[in-house]
Amino acid sequence: KIFQAVVSCIGSDGTIYIIPKSFETALNKLMAEIQNAFRGLGLLIPYCWKKGEACVVRGSDTLWYRAKIVEVSGSTLQVQYVDHGYIESIPQCHLYPTTFYTGIPPFCIPCQLYKTLPIGNFWQQDAVDYLQELLKNEEVEIHVEELPDKPWGKLSISLYFGGMSLSSFMAYQKYCVAEDCQDIQKLGIFEGDLSPSYLLQPLPVPGEIFPVTVTHLVSPKELYICLDSSANLTKCSATERAASHDSESLNKALKWCNKIVKTLPHLTNFKKELPCLAEYVDGLWYRAKLLSITQLVPVQILVQFVDYGTYLVAPTSRLRHIPCHLLKYPVQAVRVLLAGFRPASDDKNVERIPYSPEWSLKALWTMMDCVEGKHLSASILTVSPEVTISLYGDDKNLVHLKLIEMGLAELDE
């Protein structure tokens, strides 16, 4: 069985506690019932607590949770939150004995990684801390491998985050030995000698109008677009729905990669067009490809962020190997040329685009105003030798008409 779940906590022994996504509605309903039933303080009179006894406990967020007594020691009790897994030491005044909700099974499931042996036969504290930092409150994919021998024992699972196997990743980090390590190759971390490449984005058929966003302008005529995944998908073609699904999955996978990026090795191969991860100015890492070495001492590399079209000159410290599973998502940004206009022959503006001097900077800024943050649509005219489109603004008019009105461009039939 395969299902999505949220990791609620990691036990001190490395037990992974998960709450299946399908349980969330029922758990929220139970929590609401408990809040309505218990509104005051905990039990303030003396009470003889017993190990294993059911209770409700007031958490640090002032909400009441189902719990059970794990250990009794003086005025402080060790309790386990039965629907979340974590264990805490709580003063008696924050607990209340009850049998109200004992007939409802716990919503969290204790799990262990299938055929995975921690170094030293138990999970070391640094490994537990790492698992907690990596997984807590995150949504993951669970593959059930073996059921527990006894009721409420640990479920043996394979856990995948952002397309990566947790067992393989922890084995790569030297925290454990995974018996089935064929997945380690899928991490793609060791593939320095191969020359992988990105998949291209499938495009709608010529003539069909589809929603787009502009991610980067090279000149008023040359830009990068993405199929707009935020548009109403019920009216979209299969190509656009697929692009939307790819975009969501890619964003999730990149979020995970940003969490583990320090474990990925730096690039040692600087072949042109080589896929990699690169750190942008916002401190986050994105998919990129190498274009050229711009400086030798110190080494500076020109890269392009393939899902946006933007460029950056970066030192090697801001480039890392890309895990192979990130290559299965098509490139999100598509380079296109706009049809129907050309630079104005009588444009008197002196400031020109250095790499495209036929255009004035004013034309570039005007086009930027026309497309930035706007709901745009496009229609493909040709795909060869280059993708050429008509681009329409919010008002359904061609965006380049504004440039023609201002004398910054002229019609090109």
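Predicted model only: the values in this text are computed from it and were never measured.

## Here's the deal with the overall build of the protein chain
Here comes step 1: A tally of helices and strands in the protein chain yields six helices and 27 strands.
Here comes step 2: Along the first, second and third principal axes, the C-alpha set of the protein chain runs to 95 × 50 × 35 Å.
Here comes step 3: Each of the 413 residues in the protein chain was classed as buried or not, and the buried ones make up 47%.
Here comes step 4: Look at the contacts in the protein chain between residues 6 or more apart in sequence, and 60% of them connect residues 24 or more apart.
Here comes step 5: With the model as given, the accessible surface of the protein chain reaches about 21,400 Å², and the carbon-plus-sulfur share is 55%.
Here comes step 6: Side-chain charges of the protein chain comprise 37 positive and 45 negative groups, with the mean position of each set lying 4 Å from the other.

## A short note on the sheet that holds strand β15 (residues 222-227)
Here comes step 1: Strand order in the closed barrel formed by five strands is β14-β15-β21-β26-β25, with mixed pairing between adjacent strands. Pairwise comparison of adjacent strand axes, ignoring direction, gives a mean angle of 60° for this sheet.
Here comes step 2: Of the strands in this sheet, β14 (209-217), β21 (334-338), β25 (376-382) and β26 (388-392) touch helix α5 (residues 361-371), which is tilted by about 135° from β14.

## Section: α5
Here comes step 1: When we look at burial in α5, the residues that qualify are Ala363, Leu364, Thr366, Met367, Cys370 and Val371. One side of α5 carries all its buried residues, which in axial view fall inside an arc of 165°.
Here comes step 2: Note on α5: the residue one or two positions beyond its end, glycine 373, has a positive phi of about 70°.

## A short note on the side chain of glutamate 138
Here comes step 1: Along the chain, glutamate 138 turns up in the loop between α2 (125-135) and β10 (139-146).
Here comes step 2: By relative accessible area, which is 14% here, glutamate 138 ends up buried.
Here comes step 3: A polar contact of 3.0 Å, which involves the side chain of glutamate 138, links it to the side chain of lysine 259.
Here comes step 4: Sequence-distant contacts of glutamate 138, defined by excluding residues within four places in its chain, comprise Ala5, Val6, Val7, Lys255, Trp256 and Lys259.

## A short note on the nonpolar core
Here comes step 1: Within the largest apolar cluster, 31 residues are counted, with the highest numbers of intra-cluster contacts made by Leu135, Leu159, Phe161, Leu166 and Met170.
Here comes step 2: Ranked by the residues each element gives to this core, the list is headed by α2, at six residues.
Here comes step 3: Excluding residues that lie within four positions of it along the chain, leucine 166 makes contacts with Ile16, Leu113, Leu131, Leu134, Leu135, Leu159 and Phe161.
Here comes step 4: Listed in part, the 28 residues of the second largest apolar core include Val212, Leu217, Ile353 and Leu376.

## Some remarks on the UniProt feature "domain: Tudor" (unreviewed entry) in the protein chain
Here comes step 1: UniProt records the feature "domain: Tudor" (unreviewed entry) at residues 48-105 and 269-329, using the numbering of this structure.
Here comes step 2: Across residues 48-105, helical content stands at 0% and strand content at 50%; the span's end C-alpha atoms are separated by 25 Å.
Here comes step 3: The span residues 269-329 carries 0% helix and 48% strand; its end-to-end C-alpha distance comes to 22 Å.

## Here's the deal with the sheet that holds strand β20 (residues 319-320)
Here comes step 1: The five strands lie next to each other as β19-β18-β17-β16-β20, forming an open sheet whose pairing is antiparallel. Strand pairing shows two members of the sheet lacking a second neighbour, β19 (311-315) and β20, which therefore form its edges.

## A look at the environment of glutamate 71
Here comes step 1: Within the fold, glutamate 71 resides in strand β4 (residues 64-73).
Here comes step 2: Taking the C-alpha atoms as reference, glutamate 71 lies 62 Å from leucine 203; in sequence the two are 132 residues apart.
Here comes step 3: When neighbours within four sequence positions are excluded, glutamate 71 is seen to be in contact with Leu77 and Gln78.

## What to know about a nonpolar patch on the surface
Here comes step 1: There is a patch of nonpolar side chains on the surface, built from Phe270, Ile293, Leu296, Val297 and Val299 and spanning about 480 Å² of accessible area.
Here comes step 2: Mapping phenylalanine 270 onto the fold places it in the loop between α4 (238-260) and β16 (275-279).
Here comes step 3: Relative accessible area serves as the criterion here: at 32%, phenylalanine 270 is assigned to the partly exposed category.

The rules behind each value
Residues numbered from 1 in each chain as written. Predicted model: local features only at pLDDT ≥ 70, side-chain atom pairs only at ≥ 80, totals over all residues. Heavy atoms only, no water. Helix = DSSP H or I, 4+ residues; strand = E, 2+ residues; numbered from the N terminus. Buried < 20%, exposed > 50% of the residue type's maximum accessible area, 1.4 Å probe, protein only. Contact = heavy atoms within 4.5 Å. Areas by Shrake-Rupley, 256 points an atom, 1.4 Å probe, with all protein chains shown as cover. Lys, Arg positive; Asp, Glu negative; His and termini not counted. Charge placed at Lys NZ, Arg CZ, Asp CG, Glu CD. Pairing = 2+ DSSP bridges. Axes fitted to C-alpha atoms, helices over the stretch in contact; angles between N-to-C directions. Arc of directions from axis to C-beta. Polar contact = N/O pair within 3.5 Å; in protein donor to acceptor, adjacent residues only side chain to side chain. Core = buried A, V, L, I, M, F, W, Y, C linked by side-chain atoms within 4.5 Å. UniProt positions renumbered as here; feature names shortened; annotations may be inferred. Patch = residues over 30% accessible without salt bridge, like charges linked within 9 Å, V, L, I, M, F, W, Y side chains within 5 Å. Salt bridge = Lys/Arg side-chain N within 4 Å of Asp/Glu carboxyl O.

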